[in-house]
Amino acid sequence: MTDQRIEGAANGASGKIKSGLGNLTGDTKLQLEGKFDEVKGKALDTYGRAIDKLESLSDRAPADLREPVRTGLDFARRKPLLTTGILAGLVFLIAGSGRRRY
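Rules of the game
- Residues numbered from 1 in each chain as written.
- Predicted model: local features only at pLDDT ≥ 70, side-chain atom pairs only at ≥ 80, totals over all residues.
- Heavy atoms only, no water.
- Helix = DSSP H or I, 4+ residues; strand = E, 2+ residues; numbered from the N terminus.
- Salt bridge = Lys/Arg side-chain N within 4 Å of Asp/Glu carboxyl O.

Engineer: Break down the environment of L57 for me, citing the residues and quoting the values.
Structural biologist: Among the structural elements, L57 can be located in helix α2 (residues 28-58). With 12 residues separating them along the chain, L57 and V69 place their C-alpha atoms 9.8 Å apart.

Engineer: Please provide a residue-by-residue account of the pattern of salt bridges, values included.
Structural biologist: Within this structure, the stated rule accounts for seven salt bridges. A salt bridge links D52 to R5; its shortest N-O distance comes to 3.2 Å. Highlighted residues: D52 in helix α2 and R5 in helix α1 (residues 3-25), separated in sequence by 47 residues. Between K18 and D37 there is a salt bridge whose closest N-O contact spans 3.1 Å. Residue K18 is found in helix α1, and its partner D37 is found in helix α2; the two are separated by 19 residues along the sequence.

Given below as structure tokens:
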């Protein structure tokens, strides 16, 4: 289990508590903060699950590729936002390269 999954579970739990307190007191700001923390927690948990899955797949990689894959996964664990940004940029470039230009 990665740190992101643990942090995601903690954020999700604190978000539910904040949201519940906001509902009880009628504090909309606290409700919104709680919902934001819940969404953030779910995103971190999903990211952590993806890293866990990639780590299990890396064990099946050819021997000469295992070390570079592990280095990449270590980077993804340390810099989740940067990794997400890099992947989003690559998806944007790939999607844009398939369009026809008139």
